[in-house]
Amino acid sequence: MIGATVINSARAPSMSPLPLPLTPIIGREREIATLVALLRRPEIRLLTLTGPGGVGKTRLALTVANQLGDDFPDGVIFVSMAPVAHPDLVAPAVAHLLGVRDAGNEPLVARLQEFVRERRLLLVLDNFEHLVDAAPLVTDLLSAAAGIRILVTSRTRLRLSGEHEHVVPPLGLAGPTAHVSSEAMAESPAVQLFVDRAQAVQEAFVLTAENAVTVAAICRRLDGLPLAIELAAARAKVLSPAALLARLERRLVVLTGGGRDLPARQQTMRDTIAWSYDLLSAPEQRLFRRLTVFVGGFTLEAAEAIGYRLSAIGDQSDPNDDPFPTPRPPSPITHHPSPTTLDLITSLVDKSLLQRVEAADGEPRCSMLETVRELGLERLTAGGEWDEASRRHAAYFLAFAEQREPGGALPLRIARLDRFAADHNNLGAACDRLCDGGAVEECLRLADACAHYWYVRGRLSEGATRLHIALATAGAAPSAARGRVLNWASIFAITMGNAQASSTFGQEALEVWNSVGDPLGRAAALYNLAEAEEHHGHWDEAAELFDRAADIWRGEGQLHNLGRALMMRGGVAYSQGDLERAVTIEEEAAALFRHVGAPRWIGMTVCLLGTFAAGQQRFLEAARHYRESFRTLIESTDVVWLFKPLAGLAAVSVENGDVERAARLLGAVDRMLLGSGGHPYGLNRPAYERADTAARAALGEERFTAIHEAGARLTLADLLAEADAIVAMAEEAARQPRRRGAGSLPALTSREREVLDLLANGRTDREIAGILYISRRTVNFHVANILGHLAVHSRQEAVARAHDLGLLRASPNTSRYT
């Protein structure tokens, strides 16, 4: 029987109202108010609520209809269309519910029009998606009576003139758990719904600070779909949130057991989604299945490469077709997807199985709710299509990742990095497919092609792991692809603070390049080995290696890489105590970067110039350099290096006597390092240690921790404001006699303290260099820094001042150095 309900009718048709249980809606109050207002606007007479199965369209329509009862004196009539099997049966079904007899010679549509002509009523047509061919009846009714409004729920819009579509979104979700409090999670509509339904089956269930993170994760795993959340919450009678989350790796198996008053197709989530799938045409079903191979969305071009190409060859692949050809590189600018693909995707979007996503570059992208995707993956696997689809997916993203900017050189432009970010999950899935499938060369090629993106966007831990997997998959056979991945593994290791691993990867890469005979690869390996030596403070060795790399790149005309070598060589010259040469080399590097258009590296050269200025006590100049570096790195969307100028600004804050601001900046620095997996190294390490030591000593651990945690929550805009404030403070300090902040101690690095201890024990420069395994120039550099921080002019004064401040050990013990 077709269900109908009459709500608050003064002159209702002659039928008995059916009871309609209205479960309270959670988290949609604003949306309900918006829909009520829309239906009260005279120009909106047809409103269609669209969205995927389980998103709550029916319940939302019922609630809106209930609130509009007084607006329609002839009744608010709700009609469930789910039992209607054919479009031709829609008019008879509506006529039956309105009390219009299907008899006589006059067409039934005309009798329906006559019935509604003088009436003011709201007709709610629920679950109309399988009857869209009957949509003209809606137009016929609206054209007959100005007082009628029609509210439709459907997984696809009706495509009628005058139709106003409202896409019903999933419930709001809590943000990333690392940055959201349990109180904020409790305010999430999705979490509130879970708690409400869990308490309905288990009165003792309570949301606590301990389980809030898990409940929020459950709701995210279920895409915020109300039906899925309700079905999952019903399991709270038996499963704890942690146990439930663990079982949601396969969502559709868990999401069963809905209320008996629900339609059969909504008593399990699988049936709800399958209802939408079964309504698709055969080509739509075939494309939908193929599209589930994408993880995190796709472009129209990618859909054509995977979905349409497979659809065109049918269910059987050509056994002679190479799964990893050298495809024509994707060209998002000039490519136009097949109209067939575009039409099918448009249809899937209209039917709420895909969602259109706004991409940063304006290129159309679509995504699929993971709960919906799971059913498609089941069908894809059952049909024996998974292997072919995943092979095509991997081949497409290998070709995409290897496509280079005009000229083919790094660094990648921001728009290109943004495209990598949009397809981050797809690239990871392609890496897994290639490595797990034993495609050795392709596995190395894709890891190499993605490494620059992983590095610049701060995905160091993930990138390092994938590089290591690719190397393990490939074995020890020398090849250019293996050499490039070894070079990247060395870079990731040094950035993550593991100089020994970086050196090991670098040596292995050098052996590969010597075997292959590639001078550019050899130069890259030498550069990485130089960074490892620099990390250990072996300045002379680092200088030689950087010079060798620079000579190769200069001879090969590799200006961008030459600039990198010069930039690092300038840092080594500074560490050796040759400031004049350091500045000259750094300015040459900056000029090269400006010539080739590499803003990220310009930002790093400016940061090093700030370090040089700070080492000479020119703190205003240093602050200005650090601020410029920070801005430049933000503009180039760098993530992994942002902490470097911030650490420098924190050290300048200490020199200006503002240890609280230094503690705030250190909080931001540590959050960035934690997020990327990076580690302070090279010339940024002393500034970090200096600021940290001084701020902790001046503030005490408890206050330092509180301010540090507040700094971890600062936005980039906040940090830019902090940089401006530090520059302003340095400008003020430059106009006044220099003074150290009240109560603060000189912020010496651990190496400077070691040098100071040895000075206090009467050691000469030669002896200190031998004990600490550094050059005499480096000893002189550290001594100059110590004199500056202690505001004295001789070594004897430095030792006396250090005794007064309690910076020396009570009983110096040099045996630990020997």
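Given the structure is predicted, the values throughout are model-derived calculations rather than measurements. (Residues numbered from 1 in each chain as written. Predicted model: local features only at pLDDT ≥ 70, side-chain atom pairs only at ≥ 80, totals over all residues. Heavy atoms only, no water.)

Draft legend 1. Representation of helix α36 (residues 765–772) within the structure. Looking only at α36, the buried set comprises D765, I768, A769, I771 and L772. Buried residues of α36 fall within an arc of 165 degrees about the axis and therefore sit on the same side. Two residues or fewer past α36, Y773 is found with a positive phi of approximately 60 degrees. (Buried < 20%, exposed > 50% of the residue type's maximum accessible area, 1.4 Å probe, protein only. Helix = DSSP H or I, 4+ residues; strand = E, 2+ residues; numbered from the N terminus. Arc of directions from axis to C-beta.)

Draft legend 2. Summary view of the environment of Q558. Checked against the element boundaries, Q558 lands in the loop between α25 (539–555) and α26 (559–575). Assessed through its relative accessible area of 29%, Q558 is described here as partly exposed.

Draft legend 3. View of the pattern of salt bridges. Scanning the entire structure with this criterion turns up 36 salt bridges. Taking the shortest distance from any N to any O, the salt bridge between R661 and E722 comes out at 2.4 Å. You can see R661 sitting in helix α31 (residues 659–676) and its partner E722 sitting in helix α34 (residues 716–734), a full 61 residues away along the chain. Each member of the pair, R661 together with E722, is buried. (Salt bridge = Lys/Arg side-chain N within 4 Å of Asp/Glu carboxyl O.)

Draft legend 4. Highlighting the sheet that holds strand β8 (residues 355–357). Taken in spatial order, the three strands line up as β7-β9-β8 in an open sheet, and their pairing is antiparallel. In the strand order of this sheet, the two ends are held by β7 (298–299) and β8, each with one partner. One ladder, built from three bridges, connects β8 with strand β9 (residues 365–367); its direction is antiparallel. Counterpart to Q355 in the pairing with β9 is S367. (Pairing = 2+ DSSP bridges.)

Draft legend 5. Structural view of unusual backbone geometry. Backbone geometry at R159 places phi at a positive 60 degrees, although glycine is not the residue there. Its identity is not glycine, yet Q617 carries a phi of approximately 65 degrees, on the positive side. By the element assignment, Q617 lies in the loop between α28 (599–615) and α29 (619–635).

Draft legend 6. Just the packing of helix α35 (residues 750–760) against α36, in detail. Orientation of α35 relative to α36, taken along the N-to-C sense of each, is 135 degrees, at an axis distance of 10 Å. With respect to their mutual orientation, α35 and α36 come out oblique. In this structure, the crossing between α35 and α36 has a hand that is right-handed. Contacts from R751, E754, V755, L758 and L759 of α35 reach α36 at I768, I771 and L772. (Axes fitted to C-alpha atoms, helices over the stretch in contact; angles between N-to-C directions. Parallel < 35°, antiparallel > 145°, perpendicular 65-115°, else oblique. Left-handed = near helix turned anticlockwise from the far one by under 90°. Contact = heavy atoms within 4.5 Å.)

Draft legend 7. Representation of the side chain of N487 in the model. Counting through the fold element by element, N487 comes out in helix α22 (residues 480–495). Judged by its relative accessible area of 7%, N487 falls in the buried class. Ignoring any residue separated from it by four or fewer positions in sequence, one finds N487 in contact with A509, W513, G521, A524, A525 and N528.

Draft legend 8. Focus on the side chain of S188. Its place among the elements puts S188 in the loop between α6 (182–186) and α7 (189–201). With relative accessibility at 5%, the residue S188 sits in the buried group. There is a polar contact of 2.9 Å between the side chain of S188 and the backbone oxygen of G172. (Polar contact = N/O pair within 3.5 Å; in protein donor to acceptor, adjacent residues only side chain to side chain.)

Draft legend 9. Expanded view of the packing of helix α30 (residues 643–655) against α31. For the pair α30 and α31, interaxial distance at closest approach is 8 Å and the crossing angle is 160 degrees. Overall, the two elements α30 and α31 adopt an arrangement that is roughly antiparallel. In this structure, α30 crosses over α31, and the sense of that crossing is left-handed. Here F643, L646, A647, L649, A650, S653 and V654 of α30 lie close against α31, whose contacting residues are R661, A662, L665, L666, A668, V669, M672 and L673. A per-class count over the contact of α30 with α31 returns 13 nonpolar, one polar and one charged. (Nonpolar A, V, L, I, M, F, W, Y, C, P; charged D, E, K, R; others polar.)

Draft legend 10. Structural view of α31. Here α31 contains 18 residues, and its C-alpha end-to-end distance of 26 Å stays within 8% of the 26 Å for a straight helix at 1.5 Å per residue. If you check which residues of α31 are buried, you get V659, R661, A662, A663, L665, L666, G667, A668, V669, M672, L673 and S676. Those residues of α31 hidden inside the fold are in contact with α21 (460–474), α30, α32 (684–699), α33 (701–711) and α34. After α31 finishes, the residue G677 shows a positive phi value of roughly 85 degrees. (Expected span 1.5 Å × (residues − 1).)

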